Amino acid sequence: QVQLVESGGGLVQAGGSLRLSCIASGRTFGHYAMGWFRQAPGKERELVSRISWVPGITYYADSVKGRFTISRDNAKNTVYLQMNSLKPEDTAVYYCAAPESRTPVPSNFDYWGHGTQVTVSS
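Because the structure is a prediction, the values reported are computed rather than measured.

Definitions and cut-offs
- Residues numbered from 1 in each chain as written.
- Predicted model: local features only at pLDDT ≥ 70, side-chain atom pairs only at ≥ 80, totals over all residues.
- Heavy atoms only, no water.
- Disulfide = S-S within 2.5 Å.
- Helix = DSSP H or I, 4+ residues; strand = E, 2+ residues; numbered from the N terminus.
- Buried < 20%, exposed > 50% of the residue type's maximum accessible area, 1.4 Å probe, protein only.
- Phe/Tyr/Trp six-rings, centres within 6.5 Å; stacked < 30°, edge-to-face > 60°.
- Core = buried A, V, L, I, M, F, W, Y, C linked by side-chain atoms within 4.5 Å.

## Considerations on the state of the cysteines
Counted according to the given criterion, the structure contains one disulfide. Through a disulfide, C22 is tied to C96; the S-S separation comes to 2.0 Å. Because the torsion about its S-S bond is -75 degrees, the bridge between C22 and C96 counts as left-handed. Residue C22 is found in strand 3 (residues 18-25), and its partner C96 is found in strand 9 (residues 92-98); the two are separated by 74 residues along the sequence. On the basis of relative accessibility, which here comes to 0%, the residue C22 falls in the buried class.

In structure tokens:
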């Protein structure tokens with residue numbers, strides 16, 4: 001079974017930075033895409049970023065383009081989300097997710113972490 005564990009959330013002032021990490025276990029990591037989602041209170045879950053196992057293929061929501069960067073270290077079975085210039089509207093629980101399929105750009109995610117809280121104060 002695939003298990004995902006997020007870390008790196010916390011409380012930060014507007015304009016600050018955080019780096020989220022997600023460690024995956026249970027299968028070979030290098031040929032699976034990975035994604036980061038977030039959900040704020042009273043709002044729908046949102047895809048924030050996605051990284052393919054094909055080098056260079058990434059996705060960012062318009063709201064985070066230019067501020068967030070997704071990356072991966074296959075040797076450590078880890079995906080990262082570097083978040084810069086944080087805004088209060090970035091406040092949410094952030095979830096790491098992985099697909100069952102090995103397609104380079106998956107449309108469905110099947111495995112989820114428990115989430116890490118990010119709170120941005122004004």
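## So, the packing of aromatic side chains
With the rule as written, the count across this model stands at two aromatic pairs. Arranged with centres 5.3 Å apart and planes meeting at 80 degrees, the rings of F37 and F109 form a pair that is edge-to-face. Of this pair, F37 sits in strand 4 (residues 34-39) while F109 sits in the loop between strand 9 and strand 10 (111-112), and the two are 72 residues apart along the sequence. For F37, a relative accessible area of 10% gives the class buried. An aromatic cluster is present here, built from F37, F109 and W112 joined pairwise through their rings.

## A look at the nonpolar core
With 28 residues, the main nonpolar core has M34, W36, V79, L81, M83 and Y94 as its most contacted residues. Listed by contribution, the elements that provide at least two residues to this core are strand 3, strand 4, strand 5 (46-51), strand 7 (68-73), strand 8 (78-83), strand 9 and strand 11 (116-121).

Read these as spatial facts, not as claims about activity.
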